[in-house]
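# Observations on chain architecture
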Amino acid sequence: MARAGKGLIDADLGGNVIKQRIARPGQGKSGGYRTILIFKNRDKAFFVYGFAKSERKNIDQRETDMFKKAAKKLLALSDEQIQSLIENGGLTEVKP
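Residues numbered from 1 in each chain as written. Predicted model: local features only at pLDDT ≥ 70, side-chain atom pairs only at ≥ 80, totals over all residues. Heavy atoms only, no water.

Each aromatic ring pair is described using two quantities: the centre-to-centre distance and the angle formed by the ring planes. Using the criterion set out here, one finds two aromatic pairs in the structure. Measuring from centroid to centroid gives 5.6 Å for Tyr49 and Phe51, while their planes differ by 35°, and the two rings are tilted. Taken together, the aromatic side chains of Tyr49, Phe51 and Phe67 make up a single cluster linked through ring pairs. Between the NZ or CZ atom of Arg24 and the centre of the ring of Tyr33, over which it lies, the distance is 4.7 Å. Lying across the ring of Phe51, Arg56 places its NZ or CZ 5.8 Å from the centre. (Phe/Tyr/Trp six-rings, centres within 6.5 Å; stacked < 30°, edge-to-face > 60°. Lys NZ or Arg CZ within 6 Å of the ring centre and 35° of its normal.)

Structure follows, in structure tokens:
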């Protein structure tokens, strides 16, 4: 997340959906993990999916479209709505 906040985005999939690479411990990023984030710089970020590059090459267009639809809904939520979802188990907050 810190890299994306600095503008270091590995792949911009459009519609506030980005893909970031994460290195495996002791290895580089190329064979590591991929994460899909709904991301609006200096506002909100949601981790929505992750996979190992060794298990899957990429996400497909149907999934990309689904993440873009989710981005519209999630980024429209107020801070109060997000907090309520966290409290009710609809979202999980991940802290660095």
